[in-house]
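Residues per chain, in single letters:
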Amino acid sequence: MRGAVFYGTRDVRFEDHEAPGIIKPTDAILRLSATCICGSDLWFYRGVSPMPWGTAVGHEYCGIVEEVGSAVTSIKAGQFVVGSFFASDNTCPSCRAGYQSSCRQAELVLGAQAPRVRVPLADGTLVPTPGAPSGEQLPDLLALSDVMGTGWFGAVAANVEPGGTVVVVGDGAVGLLAVLSAKEMGAEKIVAMSGHEARSKLAREFGATEIVTERGERGVARINELTGGIGADSAIECVGTKESMAQAIEVTRVGGYLGFVGVPHGVPLDLQALFHTHIHIHGGPAPVRRFLPDLIDRVWSGKIHPGRVFDLKLPLERVAEGYRAMDERRAIKVFLQP
Ligand SMILES: [Zn+2]
């Protein structure tokens, strides 16, 4: 089987590697209908995070169950399913608390930029759709596997409430979908911080009421102007750098909520500054599984179209080109057709 394999910094190839098979009786093998490249894949692609040479990469997926292990009881061959990038049993204390991404048996799903993938803990991880989706629904359903669920968690963690004011820091796919999530949750004023024309246009279509192009102190000053000097009730941080986290903290009002879903890379936390602002901070790898049934319903009823973040569609064999396009910020998110 051929799929995306990581060979080193800025070197992903469409190569032959071992086809996935059932390893544990709780596994399922899916034939993927669609897969994609994640903003977080850029961390290893650029050499920022370690990734062993020769790893089959990709962690976002949806498709048809081809085979299940002997201990799988609820998931059946032939079902169309969506799952999270973290496999989870959905029964342990962490899962029951709603944090399936920190399941006691959590396992990262890898090798999804391929025609087939192995998903561990199939019963806990996979959620079937009401039926076979149309081709048009595929991008929307695929987005639920990570970016939409992550944006949604950012908004939940930031305690977005009807009528509230929300600032979203980061205009990648997750940031844009955090805007969509805040809109769905009834926020009244949604500020997207973006200096990129195509991205800010999509942010507006997803529900942003204001676009702030400035960053740093000038960005904070603009948010202050827009909120009557108070700051935002909710800030959603979707990047993971020192600068973006500082930005999110500074735009949150006293006693407000900050949800952070950008994987932190070198972010120091100044507790003393936080001490005097009473800000609630909550984040982490999104427990996408918690939100999947609700988000599948919203997609199925045509209420949301998170798949609009895919602005480049390529056949899977051109995956290397997709990585380059995302690395050079020529594409927001790349959809791959196996
Ligand atoms: Zn669990």
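Residues numbered from 1 in each chain as written. Predicted model: local features only at pLDDT ≥ 70, side-chain atom pairs only at ≥ 80, totals over all residues.

A few words on the overall build of the protein chain. Each helix and strand counted, the protein chain has twelve helices and 17 strands in total. A compact globule built from 338 residues should have a C-alpha radius of gyration of about 20 Å, and the protein chain, at 19 Å, falls within 12% of that. The dimensions of the protein chain, computed from C-alpha atoms along their principal axes, are 60 × 40 × 35 Å. For the protein chain, the proportion of contacts with a sequence separation of at least 24, taken over those separated by at least 6, is 68%. (Helix = DSSP H or I, 4+ residues; strand = E, 2+ residues; numbered from the N terminus. Rg over C-alpha atoms; globule rule 2.2 N^0.38 Å. Contact = placed C-beta atoms within 7 Å.)

We now examine the packing of helix H6 (residues 173-184) against helix H7 (residues 197-206). Running from amino to carboxyl end, H6 crosses H7 at an angle of 15°, the nearest separation of the two axes being 8 Å. It follows that H6 is roughly parallel to H7 by the angle criterion. For H6 against H7, the interelement crossing comes out right-handed. Along the contact surface, H6 presents Leu 176, Val 179, Leu 180 and Lys 183, while H7 presents Arg 199, Leu 202, Ala 203 and Phe 206. (Axes fitted to C-alpha atoms, helices over the stretch in contact; angles between N-to-C directions. Parallel < 35°, antiparallel > 145°, perpendicular 65-115°, else oblique. Left-handed = near helix turned anticlockwise from the far one by under 90°.)

Here the focus is the sheet that holds strand E14 (residues 252-260). Sheet architecture is open: six strands sit in the order E12-E11-E10-E13-E14-E15, paired in parallel fashion. Strands at the two margins of the open sheet, each flanked by one partner only, are strand E12 (210-212) and strand E15 (280-283). Averaged over all adjacent pairs, the angle separating strand axes in this sheet is 20°, with direction ignored. Here helix H8 (residues 216-226) sits on the sheet and contacts strand E10 (165-169), strand E11 (189-193), E12 and strand E13 (232-237); the angle it forms with E12, its principal contact strand, is near 155°. Against the sheet, helix H9 (residues 242-251) engages E10, E13 and E14, with an angle of about 145° to E14. (Pairing = 2+ DSSP bridges.)

The residue Leu 121 is not glycine, and still its phi comes out positive at about 50°. Summarising the element assignment, Leu 121 is placed in the loop between strand E8 (116-119) and helix H3 (122-125). Take Leu 121: there are 27 C-beta atoms within 10 Å of it, and that puts it in the buried class. (Buried ≥ 20, exposed ≤ 12 C-beta atoms within 10 Å, placed from the backbone.)

The contact between helix H5 (residues 147-157) and H6 brings their axes to 7 Å, and the two run at 55°. Regarding the angle of H5 to H6, the classification is oblique. Considering only the axes of H5 and H6, their crossing is right-handed. Together, Val 147, Met 148, Thr 150, Gly 151, Trp 152, Gly 154 and Ala 155 of H5 and Ala 173, Val 174, Leu 177, Ala 178, Leu 180, Ser 181 and Ala 182 of H6 make up the contact between the two elements. Each residue belonging to the contact of H5 with H6 can be placed in one class, and the counts come to ten nonpolar, four polar and no charged. (Nonpolar A, V, L, I, M, F, W, Y, C, P; charged D, E, K, R; others polar.)

With that settled, consider the pairing of E13. Among the six residues that make up E13, six are buried, leaving the element largely enclosed by the rest of the structure. Sheet analysis places E10 next to E13, joined by four bridges and oriented parallel. Residue pairing in the sheet places Val 166 in a bridge with Ser 234 of E13. Sheet topology note: the E13/E14 ladder contains five bridges and is parallel. Bridge pairing in E14 links Ala 232 to Thr 252. The parallel pair E13 and E14, bridged by H9, forms a crossover whose chirality is right-handed. (Right-handed = clockwise from strand over helix to strand, strands pointing away.)

A few words on the domain arrangement of the protein chain. Split by domain assignment, the protein chain resolves into domain 1 (2-146 + 287-337) and domain 2 (149-283). The centre of domain 1, based on its C-alpha atoms, is set 26 Å off from the matching centre of domain 2. Taken together, the contact between domain 1 and domain 2 spans 18 residues of the former and 15 residues of the latter. Examining the composition of the side of domain 1 that touches domain 2, we find that four residues originate from one element, helix H11 (residues 288-300), more than from any other. Of the residues contributing to the side of domain 1 that touches domain 2, the split by class is twelve nonpolar, three polar and three charged. (Domains from an automatic or database assignment.)

Attention now moves to the pairing of E10. The side chains of a regular strand alternate between the sheet's two faces. Across the five residues that make up E10, a large majority, five, are buried. Here E10 shows no split at all, with Thr 165, Val 167 and Val 169 on one side and Val 166 and Val 168 on the other all buried. Bridge count between E10 and E11: five bridges; the pairing is parallel. In the sheet register, Val 168 faces E11, and the bridge partner there is Ala 192. Taken together, E10, H6 and E11 constitute a β-α-β crossover, and its handedness is right-handed.

If you look at soluble globular proteins, the nonpolar side chains tend to sit buried side by side. Ala 28, Val 166, Val 167, Val 168, Leu 177, Val 179 and Val 191 are the most contacted members of the largest nonpolar core, which has 106 residues in total. The leading source of residues in this core is H6, at eight residues. (Core = buried A, V, L, I, M, F, W, Y, C linked by C-beta atoms within 7 Å.)

With that settled, the discussion passes to helix H12 (residues 319-327). Residues of H12 that are buried include every one of Val 319, Gly 322, Tyr 323 and Met 326, and no others. Buried residues in H12, looked at end-on, bunch into an arc of 100°, giving them a common side. Along its buried surface, H12 packs onto strand E1 (2-8), strand E2 (11-16), strand E3 (28-37), helix H1 (41-45), strand E16 (312-315) and strand E17 (334-337). Directly after H12, the chain includes Arg 329, whose backbone phi takes a positive value near 55°. (Arc of directions from axis to C-beta.)

Note on placement: Arg 330 falls in the loop between H12 and E17. Taking C-alpha positions, Arg 330 is 9.3 Å from Asp 311, a pair spaced 19 residues apart along the chain.

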